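# Survey of secondary and tertiary structure
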Amino acid sequence: MAGEYDVVVQAVRVPGSGYVELVLESPELAQAVPGQFVHVLTPGTLRRPISFSRISAATATAAILFQVVGAGTAWLAGVAAGQTVNVLGPLGHGFPVPEPGRAWCVVGGGVGIPPLFAAVQRWGGQVAASAILGARTAAGLVMVEDFAERGTALTLTTDDGSRGEAGTVLGPFKRWLRAHPDGQVYACGPTPMLAGIAAATRGHRAFLALEQRMGCGIGACLACVVPVHGPSGPRYARVCSEGPVFAAERLAW
Amino acid sequence: MAGEYDVVVQAVRVPGSGYVELVLESPELAQAVPGQFVHVLTPGTLRRPISFSRISAATATAAILFQVVGAGTAWLAGVAAGQTVNVLGPLGHGFPVPEPGRAWCVVGGGVGIPPLFAAVQRWGGQVAASAILGARTAAGLVMVEDFAERGTALTLTTDDGSRGEAGTVLGPFKRWLRAHPDGQVYACGPTPMLAGIAAATRGHRAFLALEQRMGCGIGACLACVVPVHGPSGPRYARVCSEGPVFAAERLAW
Amino acid sequence: MDMTVRLPRGLTLANPVMAASGTFGFGPEYGAYVDIGRLGGVSAKGVSPDPWPGNPPPRVWETPGGLLNSIGLQNPGIETFIAQDLPFLRESGTRVIVNVIGHTVEEYQRVAARLEREPGVDALEINISCPNIKAGGMSFGHDPDQAYAVTQAVRAVTDRPVMVKLSPNIESPARIAEAAVAAGADMISAINTLVGLAIDRHNRRPALGGVTGGLSGPAVKPVALRVVYEVAQAVAVPVIGMGGIAQVEDVLDFLMAGASAVMVGTITFQHPNRMLAIIDGLPAALAVHGFSSLPEIVGVALPTRRQESGR
Amino acid sequence: MDMTVRLPRGLTLANPVMAASGTFGFGPEYGAYVDIGRLGGVSAKGVSPDPWPGNPPPRVWETPGGLLNSIGLQNPGIETFIAQDLPFLRESGTRVIVNVIGHTVEEYQRVAARLEREPGVDALEINISCPNIKAGGMSFGHDPDQAYAVTQAVRAVTDRPVMVKLSPNIESPARIAEAAVAAGADMISAINTLVGLAIDRHNRRPALGGVTGGLSGPAVKPVALRVVYEVAQAVAVPVIGMGGIAQVEDVLDFLMAGASAVMVGTITFQHPNRMLAIIDGLPAALAVHGFSSLPEIVGVALPTRRQESGR
Ligand SMILES: Cc1cc2nc3c(=O)[nH]c(=O)nc-3n(C[C@H](O)[C@H](O)[C@H](O)COP(=O)(O)OP(=O)(O)OC[C@H]3O[C@@H](n4cnc5c(N)ncnc54)[C@H](O)[C@@H]3O)c2cc1C
Ligand SMILES: Cc1cc2nc3c(=O)[nH]c(=O)nc-3n(C[C@H](O)[C@H](O)[C@H](O)COP(=O)(O)OP(=O)(O)OC[C@H]3O[C@@H](n4cnc5c(N)ncnc54)[C@H](O)[C@@H]3O)c2cc1C
Ligand SMILES: Cc1cc2nc3c(=O)[nH]c(=O)nc-3n(C[C@H](O)[C@H](O)[C@H](O)COP(=O)(O)O)c2cc1C
Ligand SMILES: Cc1cc2nc3c(=O)[nH]c(=O)nc-3n(C[C@H](O)[C@H](O)[C@H](O)COP(=O)(O)O)c2cc1C
Ligand code: FES
Ligand code: FES
């Protein structure tokens, strides 16, 4: 159940320079749906939202994987195994269960990759997944080995060509979509990438996990909005509580 | 020379519950005059002024002894030996050299005691000192053993009578003054105590080390003032740069 | 120690700590995290007659010791509020304060009049001080005559306790308070946010979608205390203080400066349960500072009270 | 990268980082700690025709992310300043700005006129915005007509570059800026401190001897940026930005918001050498953010500049 929890950090991993993954001991967080997130207490005046990178009910743990970009993530990167962090979670609406019998592709950019791994970890046994993962440089391609271990069909891209195809995920993704006209898509990453996917997937089953600056993280402050189609024209929906996962067609970008 | 220094904490002592003494390695601070102080960098927006409790040119160290009263001193109490603190110092004007051949009494209240020990440490060999030390309770009577080791004639008082005479230092001090009409006095402590001493010592050689809320600590911001007699009536003088030690008769309380 | 606060028109709070408008949603959102019934009260997010869309995102930005927001008073309108959120608040057991907004005097009045027919509304807070909307809103809080007009219009349609919320973005909030009280306000609440701006260096533009935003959090506490201190001397009605409260000592400061009760906002985003911790800690904190009752501390730092007590 | 800033009437700064008035003394005090000659400039503590005693202590109080001060513009008067402090500043090699205060228009004018006879004064900063004195001071900064009158009176007696320093404690600092520019101000500096109050809980009274004080430091940065952003759009003259600058990124924010140069105050109390660190770090910080010259960044976040560049 969503709540405020002090959770022990069971392990700290460094999947690459500037990236940190924390494994959190928490039966409650271990009930999360992939695509959900925690709002982590850091110094400063706001918490920091971070998606689950792995969720394991069996071990009663959930992990978060983040890039160090500013003061909050820098602080969090300094937390050691055995220490406690305070989180609100699991928050928001995660991905829906992928429909069996349809080709499934997860498309992740940079730190958008972790929640997609959580999805593949959860549902990859039932529905075979392809993964198209991109980043600016090879260093940003996190969790590739985790996908590979699960037998996910992988396509990698980097903006600078340092690993996989040069360019963005949109090229390989459009090829995949042409090959799988009935395919379903889960995506997470930078806004331009998601906008490109939304444009390419009209009529498809496509779910996007969005980011937005957040206050409360639980639906109270109306900070974290994105425009969605409403019955009477566009309206602002809260990413934290109505998302972060939205059906692509709902978004009024 | 006064400057900004990163100094290594050579040792941490806990002279009593809620009190901490840090020995700082610094040839520069070791040149200080008793009564001078350092302005210590702590979190928050202002530094914290603390007087020297011991000064040793021989070991190139100077110590500060403080009571934990708020966030700044609590932070400073957490500094461990071997770590570095940033200070501005030595700052202000310390005590003048006591005149030889005159009885000398140091009167200290609570955390006003440390700078007086520094004075006795420096000049006690030349001019025999009496010390009248007071505090609210026995726990506040810091450095008593240090005075005792130097053979200082000691009188102790506590407000609650838990050690020494019950009451304030003013009782024993006035007795001392009657016995030593030509005596000289150095005092540091809470304002009411200093005001009492100033009132009792008109015509005597009396020097008071004052406290005041400080900004810069070096004379630039005019925050730390006390009223003193000026050529054309009272004016505000800066405790940090014109003090903290003032001749009692200069003060326009 | 009895923590009850007795305010005008029979408004009685179980304790002096309430949730500030806009930081506690329309009611249900924090239900899973906070035992709402234990709060002194909840001021719901501002409600207008018709739905307001709010400002484009980003709508929040962290600043040193503070928070900028430019929500733009997004709200579903009074009818949806009454249908969807009010029942929850009414059942929660806390005192329910509805924060009222409008573009015109008539819009404020419409919300107040509409609420008159609803049970479970304990007070109205007239928000004439929100910096995040272009028309109306703050301008009412910047001009005594307009503050008077809005308050009078609301007063004309309700017998409920009415508090008017002040903007700190003007030379003299006390003059606005005087106008509101002259027009029939039962209480003053202060402060709303300070107008500020942050830069998104990466994108080389103002960080907030609404360009400027409202500053709240510990950073603004000294400004809030100053306004409370001035207003408490200017008017005879109770003042509800807020701005940067993060711990129980902050509450003591506001009470000493003349507030009869307080609201707590931004800190809730970090610590949903901090309000309850403050409530739990208040009796001991008062005792430590030598107070044996709540009324004793209210305004003790004001010149009048200081003269009385000879401090 | 060339860090020179060219301002009106030939005022040229070696770099855009100056010491803010009141936080750097009258000149000599920081001499032992800071290589003053490397600063873009120094604005000395406010000077009046005759000595002012200042406010009773305590005069400073720490607040969350900020500092309250109530110095009350203690100063030895213009003659003592000229005799004792100006020679040091003049020799230091930095640009010397004299911060001018008065109780009346005539007093401001007297200081300006007196300085006209002194070499080594590079500019005047007219402080119509200090919250810490009862008569004069801030009231001039709260009324466009009075701001006009003071500026015009100073302009009449000096050919030196004149900047007028704004108060943020009003609805529209931009309107004061317009009045000052109409009266002949060459530049605007902003912001002075926000009026605030702290409570000394132990003594149950306002913490500062002067009761209210001026809030500065990182806490006020969003308010300062907002004022700079508004003023830079309202007037065509250069704006000198300040309020809460603590690191080089803060300087970028102010420049993007429309400031041509900045002043640094409160952080100096913690880090006397921070201004020099900022100066040293500025070229690299500009380069990291894609700027190849200083003028390029100035005002890049303003609506007009954003249209030009299509961002
Ligand atoms: C639902 C959600 C899930 C996320 N999941 C991940 C994840 O799994 N891994 C990961 O590395 N990052 C993730 N992010 C982004 C992450 O929240 C930011 O990188 C982080 O907050 C930056 O904090 P900071 O203090 O280091 O940076 P700063 O830039 O100093 O942060 C300043 C403020 O901006 C906010 N902020 C900064 N960047 C973002 C952003 N991209 N989105 C939202 N708020 C931001 C911060 O929360 C903070 O309030 C997610 C964001 C959201 C909204
Ligand atoms: C010249 C001088 C010498 C001092 N020497 C000593 C000493 O040797 N040992 C010792 O224990 N204390 C000494 N003090 C007092 C010491 O500075 C304060 O106890 C300390 O600053 C409290 O900081 P804080 O953050 O723990 O408390 P807080 O109360 O949280 O501090 C808040 C602010 O108030 C200021 N402040 C609080 N108390 C005082 C005070 N009594 N005087 C001046 N400013 C204060 C702090 O510096 C800070 O800016 C001295 C003060 C001065 C002016
Ligand atoms: C995100 C956010 C939304 C707010 N919305 C409202 C509102 O709708 N109506 C209102 O009167 N005040 C609103 N406020 C102001 C708060 O009620 C409060 O006056 C202010 O934040 C100062 O208190 P704090 O520092 O404890 O947050 C809002 C504040 C924040 C941070
Ligand atoms: C202790 C102190 C004294 C000040 N004295 C003056 C002054 O004499 N004249 C003036 O124009 N501004 C004065 N100021 C305001 C500063 O120049 C500056 O405008 C303000 O502090 C904001 O900048 P900061 O946040 O970097 O300190 C003073 C500020 C402080 C903190
Ligand atoms: S972050 Fe508060 S509503 Fe989403
Ligand atoms: S603390 Fe700045 S002058 Fe003394």
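Use the structure listed above.
Residues numbered from 1 in each chain as written. Chains lettered and ligands numbered in written order. Predicted model: local features only at pLDDT ≥ 70, side-chain atom pairs only at ≥ 80, totals over all residues. Heavy atoms only, no water.

## Thoughts on the pattern of salt bridges
Within the structure shown, the criterion is met by 48 salt bridges over all chains. The residue Arg54(A) makes a salt bridge to Glu21(A) at a minimum N-O spacing of 2.8 Å. Taken together, the residues span a long stretch of sequence, with Arg54(A) in strand S4 (residues 48–56) and Glu21(A) in strand S2 (residues 19–25) at a distance of 33 residues. The exposure classification of Arg54(A) matches that of Glu21(A), with both residues buried. Where Arg114(D) meets Glu79(D), a salt bridge forms, and the shortest distance between an N and an O atom there is 2.6 Å. Here Glu79(D) lies in helix H1 (residues 78–92) and Arg114(D) lies in helix H2 (residues 105–116), a separation of 35 residues in the sequence. Residue classification places Arg114(D) among the buried residues on the basis of a relative accessible area of 14%. Residues joined by salt bridges that share partners form a network here, namely Arg13(A), Glu21(A), Arg54(A) and Asp146(A). (Salt bridge = Lys/Arg side-chain N within 4 Å of Asp/Glu carboxyl O. Helix = DSSP H or I, 4+ residues; strand = E, 2+ residues; numbered from the N terminus. Buried < 20%, exposed > 50% of the residue type's maximum accessible area, 1.4 Å probe, protein only.)

## Remarks on the sheet that holds strand S3 (residues 37–40) of chain B
Residue and element names in this part refer to chain B. Around the barrel, six strands lie side by side as S1-S2-S5-S4-S3-S6; this closed barrel has antiparallel pairing. Averaged over neighbouring strand pairs, the angle between their axes works out to 45° when direction is ignored. Taken strand by strand, helix H2 (residues 113–123) contacts strand S4 (48–56) and strand S5 (61–67), and its axis lies near 25° from that of S4. (Pairing = 2+ DSSP bridges. Axes fitted to C-alpha atoms, helices over the stretch in contact; angles between N-to-C directions. Contact = heavy atoms within 4.5 Å.)

## Topic: the relation of the copies chain D and chain C
With an RMSD of 0.0 Å, the fit of chain D onto chain C corresponds to turning through 180° and sliding 0.0 Å along the axis. Interpreted geometrically, this transformation is the action of a two-fold axis. In this assembly, 100% of the residues forming the interface of chain D have copies in chain C that are likewise at the interface, indicating an isologous arrangement. (Least-squares fit on C-alpha atoms with pLDDT ≥ 70 in both.)

## A short note on the pairing of strand S10 (residues 187–190) of chain D
Each regular strand shows side chains that alternate between the opposite faces of the sheet. All names here are of chain D. Judged by which residues are buried, S10 turns out to be covered on both faces: Met187 and Ser189 on one side and Ile188 and Ala190 on the other are all buried. Sheet analysis places strand S9 (residues 162–165) next to S10, joined by three bridges and oriented parallel. Its bridge partner lying in S10, Lys165 is registered against Ser189. Taken together, S9, helix H4 (residues 173–182) and S10 form a β-α-β motif whose crossover is right-handed. Inspection of the sheet shows S10 paired to strand S15 (residues 239–242) by three bridges, in the parallel sense. When the bridges of S15 are listed, Ala190 appears paired with Gly241. (Right-handed = clockwise from strand over helix to strand, strands pointing away.)

## A short note on helix H8 (residues 274–288) of chain D
All names here are of chain D. Given a rise of 1.5 Å per residue, 15 residues ought to cover 21 Å, and the 20 Å separating the end C-alpha atoms of H8 matches this to within 8%. The largest bend along H8 measures about 45° and falls at Leu282, with the proline Pro283 one to four residues further on. Within H8, the full set of buried residues consists of Met275, Leu276, Ile278, Ile279, Leu282, Ala285 and Leu286. The positive-phi residue at the C-terminal boundary of H8 is Gly290, with phi of around 85°. (Expected span 1.5 Å × (residues − 1). Bend = angle between axes of the 7 residues up to and from the residue.)

## Considerations on the interface of chain D and chain C
Chain D puts 41 residues into the contact, and the matching count from chain C is 41 residues. Carbon and sulfur atoms supply 62% of the area buried between chain D and chain C, which totals about 3,700 Å² over both sides. Looking at the side of chain D facing chain C, the largest losses of area belong to Leu197(D), Arg201(D) and Arg204(D), adding up to 21% of the total buried there. For the interface between chain D and chain C, the tally reads two salt bridges. With its nearest N and O atoms 2.8 Å apart, the salt bridge here joins Asp253(C) to Arg201(D). Put simply, chain D and chain C have 14 residue pairs in polar contact (both at pLDDT 80 or more) between them. Every element with two or more residues in the side of chain D that touches chain C is listed here: strand S11 (194–196), strand S13 (205–206), helix H5 (221–234) and helix H6 (248–256) of chain D. Among the elements that line the side of chain D that touches chain C, the one with the most residues is H5(D), at five residues. (Buried area = accessible area lost by both parts, 1.4 Å probe. Polar contact = N/O pair within 3.5 Å; in protein donor to acceptor, adjacent residues only side chain to side chain.)

## A closer look at the arrangement of the chains
Counting contacts across all three pairs of chains that touch, the top pair turns out to be chains C and D. As for chain B relative to chain A, no contact occurs, and the smallest C-alpha gap between them is 13 Å. If you take every C-alpha in chain A and every C-alpha in chain D, the smallest gap between them is 11 Å, and the two do not touch.

## Considering unusual backbone geometry
The step from Gly89(A) to Pro90(A) runs through a cis peptide bond, and the omega angle for that step is -10°. One can find Pro90(A) in strand S6 (residues 84–91). Following Pro57(C), the chain continues into Pro58(C) via a peptide bond in cis, with omega recorded as -10°. Backbone geometry at Leu73(D) places phi at a positive 55°, although glycine is not the residue there. For Leu73(D), the location among the structural elements is in the loop between strand S6 (66–69) and H1.

The values reported here are purely geometric and, on their own, carry no functional implication.
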